[in-house]
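Listed below, chain by chain, are the residues.
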Amino acid sequence: MLSLLLSVASTSSVNFHLGNGLAKPSQSIIMILVLTVLAVSPAMLIMLTGFTRIVIVLALTRNAMGLQGIPPNQVIAGLAFFLSIFVMAPTLTQMNKVGLQPYLHGQITITQAYDASSAPLKTWMLKQTRKQELAMFVQETHQHIKNPQQVSMAALIPAFILSEIKTAFTIGFIIFIPFLIIDLIVSSSLMSMGMMMLPPTLVSLPFKILLFVLVDGWTLVVHSLLISFH
């Protein structure tokens, strides 16, 4: 019995088609790719899109108004998610056109599909990345590049995230200024009237909400975010 199994094993072979040839990938390979994308999609959403900038600005806007839990975190994250999809829609469409669809139709290999798909994403990330952060990571990786497109994703991603955080805090600082002015006016008025025991933030909160509603604040903030990506 053992000799029979050995002879069968020696004459049998199992071929795995990983979709690296010019042929349509099998359904199993497509399912593996889909499950892989779903598994890493949260990290990709945070690290490779404008989600970081958007969610930080929305959270800073809420804090500037003095509202710690309104809107809830789920609403902030949901709005940031759909705004990120809206901002990334042209890039995602281009990635699907030049990379995914040719691969699914067997026109290019999986390696060529990755290179073609990553090119539009890298171009978009480079436009949002500051030169100082990018130069720092390129220098640390000892890369000698002549074209920004030659930057590796390992150096581009952290530089992109740092740039997004800096941009978000810059926008947040501008948003804080009018609310700070309201707090100063209310605090000075209370001190002049001798109302030292009344918290200024409690009095200024309705005025800040009223101002934000009158100027259609959330629309202005979202519009400013969309403009900042161009």
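The rules behind the values
- Think of each chain on its own: its residues are numbered from 1, step by step along the sequence as written.
- In keeping with the predicted nature of the model, local features appear solely for residues at pLDDT of at least 70, side-chain atom pairs appear and are counted solely at 80 or more, and the whole-chain, interface and lining totals rest on all residues.
- In computing side-chain values, all of the structure's heavy atoms are included and hydrogens and water are not.
- For helices the rule is a DSSP run of H or I covering at least 4 residues; for strands it is a run of E covering at least 2, with both sets numbered from the N terminus onward.
- Here's how the labels work: a residue is buried when its accessible area is under 20% of the maximum for its type, exposed when over 50%, partly exposed in between, all with a 1.4 Å probe on protein chains only.
- Whether two residues are in contact is decided by their heavy atoms: any pair within 4.5 Å suffices.
- Residue exposure ignores everything except the shown protein chains as possible cover, and the areas themselves are Shrake-Rupley values with a 1.4 Å probe.
- Between Lys or Arg on one side and Asp or Glu on the other, a salt bridge is scored when a side-chain nitrogen of the former is within 4 Å of a carboxyl oxygen of the latter.

Secondary structure summary: the protein contains nine helices and zero strands in total. Element order for the protein, N to C, with α for helix and β for strand: α-α-α-α-α-α-α-α-α. Sorting the 230 residues of the protein into buried and exposed places 33% on the buried side. The contacts of the protein with a sequence gap of at least 6 include a subset with a gap of at least 24, amounting to 72%. For the protein, the accessible surface area stands at approximately 14,600 Å², while carbon and sulfur atoms represent 73% of it.

The next subject is the pattern of salt bridges. In this structure the tally under the stated criterion is two salt bridges. When the shortest N-O distance is used, the salt bridge between arginine 53 and glutamate 164 registers 2.5 Å. With arginine 53 in helix α3 (residues 51-65) and glutamate 164 in helix α7 (residues 153-192), this pair connects stretches of sequence that are 111 residues apart. Take glutamate 164: its relative accessible area is 1%, and that puts it in the buried class. A salt bridge links aspartate 183 to lysine 208, with the nearest nitrogen and oxygen atoms 3.4 Å apart. With aspartate 183 in helix α7 and lysine 208 in helix α8 (residues 200-214), this pair connects stretches of sequence that are 25 residues apart. Accessibility expressed as a relative area gives 22% for aspartate 183, which makes it partly exposed. Note on lysine 208: relative accessible area 4%, which makes it buried.

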